[in-house]
Amino acid sequence: MQGLIHDMVLTKLDSEEKIIGKKLYDLGYEICIVNDAFQALVHLESHSFDLVLVDLAIPKMDSFWLLMARKCHTPVITLANTTDVLEKLNAFEMGADDYLSKPFNIRELQLRMNVIKRRGKLTENAIRQTIIEFDDTEYSLTCSGHKITLTNTEYRLFKYLYERQGEVVTKEELQQR
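What counts, and at which threshold
- Residues numbered from 1 in each chain as written.
- Predicted model: local features only at pLDDT ≥ 70, side-chain atom pairs only at ≥ 80, totals over all residues.
- Heavy atoms only, no water.
- Helix = DSSP H or I, 4+ residues; strand = E, 2+ residues; numbered from the N terminus.
- Buried < 20%, exposed > 50% of the residue type's maximum accessible area, 1.4 Å probe, protein only.
- Contact = heavy atoms within 4.5 Å.
- Areas by Shrake-Rupley, 256 points an atom, 1.4 Å probe, with all protein chains shown as cover.
- Pairing = 2+ DSSP bridges.
- Axes fitted to C-alpha atoms, helices over the stretch in contact; angles between N-to-C directions.
- pLDDT = per-residue confidence, 0-100.

Things to note about the overall build of the chain
Of regular secondary structure, the chain possesses seven helices and eight strands. For the chain, with 177 residues in total, the buried portion stands at 34%. Of the contacts formed within the chain by residues at least 6 apart in sequence, a portion of 52% connects residues at least 24 apart. For the chain, the exposed surface amounts to about 11100 Å²; the carbon and sulfur share of it is 55%.

As C-alpha cells, this is what we get:
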C-alpha cells in the first residue's frame, strides 16, 4: 500500500462514486469527499490537497465555475459521464490537468493520479535544488556547482531580483541599483 496521500473527490455521491471513493481509500489514498462545488471551494481554501477529482455532473455550482474560481494550484482530474469533445476542451481550457470519461478502470485513474503527482514532485525538487550562493567580494555566484563571474552591475541587479522572487520590481527600482 502506498503512503497516504490527501486528495479531494468532488462528486454527486451516487452509488458509483461511493464505490470509486472506497476503492481509492482501499488503495491507500486519504480522501475527502464533498457533495457540491461550494463545499469544494471552502475545503480548497482551508485544507491542502495533493490532487482534486472533479465530477462534471456536480450540483449547486457548475463544475466549470469551480475550475475557474479555484485560486490554488492543486492539480485537477475531471471525471465526466460523456465523451463530448467540446466538454473535454472546456475542462482543459478552465484549468483541468486531465480528463477521464466514465465508465473507467480504477487502475487507470490511479495511474493518472500518480503521474500528475510525480510531475508535481519533479517540479518541487527542481525548484528546491536551484540554490544560488552569492560572493559579494568577487561579484560571482555559484549555481549547481558552477561559478559564474559577473560585472558589478550585472551582479547587483541579479542579486536584487533574486532576493525579490515573486515580487513586482519596477524599472525605477532597478535603475536605482
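Following the structure, the description resumes.
Some details on the environment of isoleucine 77
Its place among the elements puts isoleucine 77 in strand β4 (residues 76-80). Residues isoleucine 77 and valine 52 lie 25 residues apart in sequence; the distance between their C-alpha atoms is 6.3 Å. Every residue in contact with isoleucine 77, bar those within four places of it in the chain, is listed here: Leu51, Val52, Leu53, Val54, Asp98, Leu109, Arg112, Met113 and Ile116.

Considerations on the sheet that holds strand β8 (residues 146-149)
Across the sheet, which stays open at both edges, the three strands sit in the order β6-β7-β8 with antiparallel pairing between neighbours. Bordering the open sheet on either side are β6 (132-135) and β8, each of which pairs with just one other strand. Pairwise comparison of adjacent strand axes, ignoring direction, gives a mean angle of 20° for this sheet. Here four bridges tie strand β7 (residues 140-143) to β8, and the two strands are oriented antiparallel to one another. Across the sheet, threonine 142 pairs through a bridge with lysine 147, a residue of β8. Strands β6 and β7 of the sheet are contacted by helix α6 (residues 152-163), whose axis makes an angle of about 140° with β6.

Section: unusual backbone geometry
The omega torsion of the bond from lysine 102 to proline 103 falls at -5°, within 30 degrees of zero and hence cis. Note on placement: proline 103 falls in the loop between β5 (98-101) and α5 (106-129). Although it is not a glycine, tyrosine 139 adopts a positive phi angle of roughly 50°. By secondary structure assignment, the location of tyrosine 139 is in the loop between β6 and β7.

What about the confidence of the model for the chain?
In the predicted model, the chain carries a mean pLDDT of 76, and 76% of its residues have values of at least 70. This model gives residues 1-5 a pLDDT under 50, and the stretch forms 17 contacts once residues within four places in sequence are excluded.

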